[in-house]
Amino acid sequence: MRSTNPGRFAGLLYVVMSVFGFFAMAYVPGKLVVHGDAAATVNNVAMHETLFRLGIASQLIGQAGFIFVALALYQLLKGVNRRDASLMVTLIVVSIPIAFLNEVNSFAALLLIHGSDFLQVVDKVQREALAMLFLTLHGRGLVVAELFWGLWLFPLGLLVYRSKFLPRFLGVWLGLAGMAWVILSLTGVLAPQYVNTVDRYSQPAVFGELVFMFWLLIKGAKPTAEVAEVTSA
């Protein structure tokens, strides 16, 4: 049964999947990871393994669910420009297997922390250091995914700007958010010592994505008659 307000449905999916993402990428690391202290981090993960595993599960659910977010936005905006809408879907879908494979680093860290039988030849201090290495690699994997989290916002912002049924300022803000994600990703590759600074200054731009999803959820959006005619043509 087709939703009477496709924008509100897309917004609902967007918000729900973003909650999973926030839990996995912000809440769980904030509770467990102690930067520069491998022993403390490993101890936290060992003591709160369920929380750590919930973080992995949330990341998988959120990323898989974002396929449906992209499809819902495609249905909403394909009448504006089908090519740009297809590009939007392609760019966000590319990031999903990157994020999926990145969770292997989390499982590797768990294996090291548990000290499985075949790892008994490695002493505890070395296992802790290796576990921290995999947790760090997990963070670097997200840096790669961030590039596509930014790139998909460019066609999305353009579609919103041209749509005539959504405010143009949202399209501009989404474009700025895309630029912020791309810059943040490249900073993580080229100058990781400045990531925290760039992240702090990029927050007003990134906030545009949050505004967009809640705009859709609260106000909804429907293609205009003109756009609907193009879609059905």
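Residues numbered from 1 in each chain as written. Predicted model: local features only at pLDDT ≥ 70, side-chain atom pairs only at ≥ 80, totals over all residues. Heavy atoms only, no water.

Asker: What is the right way to look at the overall build of the protein chain in this model?
Answerer: What the protein chain contains, in helices and strands, is nine helices and zero strands. When the helices and strands of the protein chain are listed from N to C terminus, the series reads α-α-α-α-α-α-α-α-α. Per-residue burial for the protein chain yields a buried fraction of 45% across its 233 residues. Of the contacts made within the protein chain by residues no fewer than 6 positions apart, 78% connect residues no fewer than 24 positions apart. Carbon together with sulfur atoms contributes 69% to the accessible area of the protein chain, which is approximately 12400 Å² in total. In the protein chain, 16 positive and 12 negative side-chain charges are present, and the distance between their average locations comes to 13 Å. (Helix = DSSP H or I, 4+ residues; strand = E, 2+ residues; numbered from the N terminus. Buried < 20%, exposed > 50% of the residue type's maximum accessible area, 1.4 Å probe, protein only. Contact = heavy atoms within 4.5 Å. Areas by Shrake-Rupley, 256 points an atom, 1.4 Å probe, with all protein chains shown as cover. Lys, Arg positive; Asp, Glu negative; His and termini not counted. Charge placed at Lys NZ, Arg CZ, Asp CG, Glu CD.)

Asker: Help me out: how do you make sense of the packing of helix α5 (residues 124–151) against helix α7 (residues 168–190) in this one?
Answerer: Angle between the axes and distance between the axes: these two values describe a pair of packed helices. Between α5 and α7, the least distance of the axes is 7 Å, while the angle of their chain directions is 160 degrees. By the angle between their directions, the pair α5 and α7 is classed as roughly antiparallel. Note on packing geometry: the crossing formed by α5 with α7 is left-handed. For the pair formed by α5 and α7, the contact residues are Val-143, Glu-146, Leu-147, Trp-149, Gly-150 and Leu-151 on the first element and Gly-178, Trp-181, Val-182, Leu-184, Ser-185, Gly-188 and Val-189 on the second. Looking at the contact of α5 with α7 residue by residue, the classes come out as eight nonpolar, four polar and one charged. (Axes fitted to C-alpha atoms, helices over the stretch in contact; angles between N-to-C directions. Parallel < 35°, antiparallel > 145°, perpendicular 65-115°, else oblique. Left-handed = near helix turned anticlockwise from the far one by under 90°. Nonpolar A, V, L, I, M, F, W, Y, C, P; charged D, E, K, R; others polar.)

Asker: When you look at the confidence of the model for the protein chain in this model, what are you seeing that I'm missing?
Answerer: A low pLDDT score tells you not to read the predicted coordinates there in detail. The predicted model of the protein chain averages 90 in pLDDT, with 91% of residues at 70 or higher. When the elements of the protein chain are averaged for pLDDT, helix α9 (residues 225–232) gives the smallest value, 51, and helix α6 (residues 153–162) the largest, 97. Residue range residues 228–233 is modelled with pLDDT below 50. Its contacts to residues more than four positions away, or to other chains, number five contacts. (pLDDT = per-residue confidence, 0-100.)

Asker: What am I meant to see in the environment of Met-179 here?
Answerer: With respect to the helices, strands and loops of the structure, Met-179 is situated in helix α7. Note on Met-179: relative accessible area 43%, which makes it partly exposed.

Asker: I'm lost on the pattern of salt bridges in this one. Help?
Answerer: Here the idea is simple: oppositely charged side chains can pair when their charged atoms come close. In this structure the tally under the stated criterion is two salt bridges. Residue Arg-53 is joined to Glu-49 by a salt bridge in which the shortest nitrogen-to-oxygen separation is 2.7 Å. Highlighted residues: Arg-53 and Glu-49, both in helix α3 (residues 49–77), separated by four residues, approximately one helical turn. A residue is classified by how much of its surface remains accessible, and Arg-53, at 39% relative accessible area, is partly exposed. A salt bridge links Asp-84 to Arg-162, with the nearest nitrogen and oxygen atoms 3.6 Å apart. Note that Asp-84 is positioned in helix α4 (residues 82–114) and Arg-162 in helix α6, a separation of 78 residues in sequence. Assessed through its relative accessible area of 44%, Arg-162 is described here as partly exposed. (Salt bridge = Lys/Arg side-chain N within 4 Å of Asp/Glu carboxyl O.)

Asker: Sorry, what's going on with the packing of aromatic side chains here?
Answerer: For any pair of aromatic rings, geometry is given as the distance between the ring centres together with the angle between the planes. One pass over the structure, following the stated rule, counts eight aromatic pairs. Ring geometry for Tyr-14 versus Phe-212: centroids 6.2 Å apart, planes at 75 degrees, classification edge-to-face. Pair noted here: Tyr-14 is in helix α1 (residues 6–32) and Phe-212 is in helix α8 (residues 195–219), with a separation of 198 residues, a long-range link. By relative accessible area, which is 0% here, Tyr-14 ends up buried. Between the aromatic rings of Phe-23 and Tyr-27, the centroid separation amounts to 5.5 Å while the plane-to-plane angle is 20 degrees, which identifies the pairing as stacked. In this pair, Phe-23 and Tyr-27 both sit in helix α1, four residues apart, roughly one turn of the helix. A cation over a ring is seen here: Arg-168 above Tyr-161, with NZ or CZ 4.5 Å from the ring centre. Note that Lys-219 overlies the ring of Trp-215, its terminal NZ or CZ placed 5.4 Å from the centroid. (Phe/Tyr/Trp six-rings, centres within 6.5 Å; stacked < 30°, edge-to-face > 60°. Lys NZ or Arg CZ within 6 Å of the ring centre and 35° of its normal.)

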